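The primary structure of each chain is shown beneath.
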Amino acid sequence: MSLVAGIDSSTQSCKVVIRDAETGKLVRQGRANHPDGTEVHPEAWWTALQQAIEEAGGLDDVAAASVAGQQHGMVVLDENGEVVRPALLWNDTRSAGAASDLIKELGGPQEWVDAVGIVPVASFTLTKLRWLARNEPENAKKVAAVCLPHDWLTWKLSGATGLDTLRTDRSDASGTLYWSAVHNAYRPDLLELGFGRQIKTPEVLGPTGIAGHLPNGAPLGPGAGDNAAAGLGAGAQPGDVVISIGTSGTVFVSSDVAPNDPSGTVAGFADCTGRFLPIVVTLNAARVLDAAAKLLGVDHDELSRLALSAPAGADGLVLIPYLEGERTPNRPLATGAIHGLTLRTSDPAHLARAAVEGMLCALADGLNALEANGSTANRIVLVGGGARSAAVRRIAPALFGLPVLVPPPGEYVADGAARQAAWVVAGGATPPSWSAETPEVYEDTSVPLIREQYAAARDAVIDRRDS
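In this report, the structure presented in the accompanying data block is examined. (Residues numbered from 1 in each chain as written. Predicted model: local features only at pLDDT ≥ 70, side-chain atom pairs only at ≥ 80, totals over all residues. Heavy atoms only, no water.)

1. Some details on the overall build of the protein
Regarding its fold elements, the protein presents 15 helices and 24 strands. Seen along its three principal axes, the alpha-carbon backbone of the protein occupies a region of about 65 × 55 × 40 Å. Burial statistics for the protein: of 467 residues in total, 59% are counted as buried. Across the protein, contacts joining residues at least 24 apart in sequence account for 73% of those joining residues at least 6 apart. Counting 36 positive and 53 negative side-chain charges, the protein places the averaged centre of each group 2 Å from the other. (Helix = DSSP H or I, 4+ residues; strand = E, 2+ residues; numbered from the N terminus. Buried < 20%, exposed > 50% of the residue type's maximum accessible area, 1.4 Å probe, protein only. Contact = heavy atoms within 4.5 Å. Lys, Arg positive; Asp, Glu negative; His and termini not counted. Charge placed at Lys NZ, Arg CZ, Asp CG, Glu CD.)

2. Remarks on the side chain of Asn139
Here Asn139 is to be found in helix H5 (residues 137-142). Polar contacts involving the side chain of Asn139 include one to the side chain of Glu136, which spans 2.9 Å. (Polar contact = N/O pair within 3.5 Å; in protein donor to acceptor, adjacent residues only side chain to side chain.)

3. Brief notes about the packing of helix H2 (residues 96-106) against helix H4 (residues 125-135)
Closest axis-to-axis distance for the H2/H4 pair is 9 Å, and the angle between their directions is 105°. Classed by the angle they form, the pair H2 and H4 counts as roughly perpendicular. Contact residues: Ala98, Ala99, Asp101, Leu102 and Glu105 in H2; Leu126, Thr127, Arg130, Trp131 and Arg134 in H4. A breakdown of the residues in the contact of H2 with H4 according to their chemical character gives five nonpolar, one polar and four charged. (Axes fitted to C-alpha atoms, helices over the stretch in contact; angles between N-to-C directions. Parallel < 35°, antiparallel > 145°, perpendicular 65-115°, else oblique. Nonpolar A, V, L, I, M, F, W, Y, C, P; charged D, E, K, R; others polar.)

4. Focus: the packing of helix H11 (residues 300-309) against helix H13 (residues 390-400)
For any two helices packed against each other, the geometry is given by the interaxial angle and the distance between the axes. One can describe the packing of H11 onto H13 by two numbers: an axis separation of 8 Å at closest approach and a directional angle of 35°. Residue-level contacts link Ser304, Ala307 and Leu308 of H11 to Ala390, Ala391, Arg394 and Ile395 of H13.

5. Comments concerning the sheet that holds strand S22 (residues 379-383)
Spatially, seven strands are ordered S18-S19-S17-S16-S22-S23-S24 in an open sheet, and the strand pairing comes out mixed. The open sheet has two edge strands with one neighbour each: strand S18 (267-270) and strand S24 (440-442). Across this sheet, the average inter-strand angle for adjacent strands is 30°, counted without regard to direction. Two elements, S22 and strand S23 (residues 404-406), share two bridges in a ladder whose sense is parallel. Within the sheet, the bridge partner assigned to Val381 lies in S23 and is Leu405. (Pairing = 2+ DSSP bridges.)

6. Re the nonpolar core
Formed by 57 residues in total, the largest nonpolar core has its most connected members in Val241, Ile243, Ile245, Leu360 and Phe400. With 15 residues, helix H12 (residues 348-372) is the largest single contributor of residues to this core. Beyond its immediate stretch of four places on either side in the chain, Val241 contacts Val251, Phe252, Val253, Leu367, Leu370, Thr376, Ala377, Arg379, Ile380 and Val381. (Core = buried A, V, L, I, M, F, W, Y, C linked by side-chain atoms within 4.5 Å.)

7. Observations regarding the packing of aromatic side chains
In the structure shown here, the tally under the stated rule is two aromatic pairs. With 6.1 Å between their ring centres and 65° between their planes, Phe124 and Phe269 make a pair best called edge-to-face. Residue Phe124 is located in the loop between helix H3 (109-116) and H4, and its partner Phe269 is located in strand S18; the two are separated by 145 residues in the primary sequence. Comparing Phe124 with Phe269 shows no difference in burial state: the two are buried. When the ring of Tyr178 is compared with that of Tyr186, the centres are 6.3 Å apart and the planes differ by 20°; the resulting orientation is stacked. What makes Tyr186 partly exposed here is its relative accessible area of 24%. The residue whose ring lies beneath Arg94 is Trp131, and the NZ or CZ to ring-centre distance is 4.9 Å. For the cation-ring pair, Lys156 lies above Trp46, with the distance from its terminal atom to the ring centre recorded as 5.2 Å. (Phe/Tyr/Trp six-rings, centres within 6.5 Å; stacked < 30°, edge-to-face > 60°. Lys NZ or Arg CZ within 6 Å of the ring centre and 35° of its normal.)

8. Points about the environment of Gly97
Here Gly97 is to be found in helix H2. Through-space distance from the C-alpha of Gly97 to that of Trp131 is 8.5 Å; in sequence the pair is 34 residues apart.

9. Quick word on H12
Taking 1.5 Å of rise per residue, 25 residues should cover 36 Å, and H12 covers 36 Å from first to last C-alpha, within 8% of that figure. Where burial is concerned, most of H12 is hidden: 20 out of the 25 residues are buried. Between a side-chain oxygen at the N-terminus of H12 and the backbone nitrogen of Ala349 the separation is 3.1 Å; the capping residue is Asp347. Looking one or two residues past H12, Gly374 carries a phi angle of roughly 95°, positive in sign. (Expected span 1.5 Å × (residues − 1).)

10. Describing the side chain of Ser248
With respect to the helices, strands and loops of the structure, Ser248 is situated in the loop between strand S16 (240-245) and strand S17 (249-252). Under the relative-accessibility criterion, Ser248 is labelled buried at 17%. Setting aside its immediate chain neighbours within four residues, Ser248 contacts Trp90, Val281, Thr282, Leu283 and Ala285.

11. Overview of the environment of Arg451
Within the secondary structure, Arg451 is located in helix H15 (residues 448-458). On the basis of relative accessibility, which here comes to 18%, the residue Arg451 falls in the buried class. Residues Arg451 and Ala364, 87 residues apart in the sequence, show an inter-C-alpha distance of 8.4 Å.

12. Examining the pattern of salt bridges
Taken as a whole and assessed by the stated rule, the structure comprises 25 salt bridges. Residues Arg379 and Asp240 are paired through a salt bridge, measuring 2.6 Å at the closest nitrogen-oxygen approach. Here the residue Arg379 occupies a position in strand S22, and Asp240 occupies one in strand S16, the gap between them amounting to 139 residues. With a closest N to O distance of 3.7 Å, Arg393 and Glu440 form a salt bridge. Here the residue Arg393 occupies a position in helix H13, and Glu440 occupies one in strand S24, the gap between them amounting to 47 residues. Since its relative accessible area comes to 40%, Glu440 is described here as partly exposed. (Salt bridge = Lys/Arg side-chain N within 4 Å of Asp/Glu carboxyl O.)

13. A short note on unusual backbone geometry
Across the junction of Thr328 and Pro329, the peptide omega takes the value 5°, indicating a cis bond. Of note, Pro329 is situated in the loop between strand S20 (318-320) and strand S21 (337-339). Even without a glycine there, the phi angle at His72 is positive, about 75°. Relative to the helices and strands, His72 resides in the loop between strand S5 (62-69) and strand S6 (75-77). Since its relative accessible area comes to 3%, His72 is described here as buried.

Shown next, in the form of structure tokens:
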């Protein structure tokens, strides 16, 4: 039996799965936590990866491995390959002003879409480089190269030291603002626009490119951004829109056509197979449920029970889930809000229902944006920690207006990385087919009223930049 390893270095933790390369059967796995915060030193990821590998029984017997990870995080290295400063993560919004400036400097949103398929917001790497150049000039002077979290971990696993051996993949490069998925090429002019000078960037590999080798000689795949890997791991089919409810909320679909959305709602990323990955991302997802449970002093099972005991639409109570600002819509300084609070709705059940519906409505807005940009949506594949909530699973079809498939709980990002590693071993034009477990299917009648009352409350929210 040939084994492959898939690694998911997410915002919150590192997961390692070891699977049979031919069947996808899980053989063993490991996990380790990451520190909290929107600014983390990459060495913390490396320590967690070593712990997760050890818990998973090591990598000495694997035929290939691949690393998927959180996107956009700015890892800057000096000429000796040393980390210059802690990485700024995707959910760090301090570069919101830099994003606005970059839009203006290139001539507007459409110019950015034409150049790289996405419009600058605080999440993307180039905006963080601009922030660094402006706010930490001494650190900026030391920077010789920039890479992303999964690039850096792949580089470390390979034992490489030279900056010329940094490697990445299309899916992660497509979220930097200085690489174009349409043209499969870097835009050095945009990198210089953002940072003020040229620095080294990783070589971008194709779907089965080899980024290095483990100590046992096994190849390392090109890796992937977490969302692209999740789509590969979940086995999404054409017309399947994957909605992942994790630290962030993501709505995406693999497509032959790149979106063209100057509003910035739909980003034109790349997937793991050489195609495009139109995607909408929200900053606030599963942690909205965490916050509601904490506020009510209950666990997640009780939060779910309470939500399902309240009527659809929570009698007009609406929770706007911008608890950490928001990326889509681009309101980095907005806060959460509750609308429609009355004596009738001021109880735990109504608040629990409003929290679940508010989070799902934000994701449903993303689904509508994908469809408006030409993506086909036949059904929803719901994954991520938030999908484990019974209330989320049962309420989602009424808000999405489509059947919702919920695969058994799993580490779909790590599984996607493992499937990519198996593809590197097997070769061929398409990734190996692994038998998927039967998902649960949820269906319900659409309830437009919930979306309408959410939209009215959403549009009343003011970003503090505008006040």
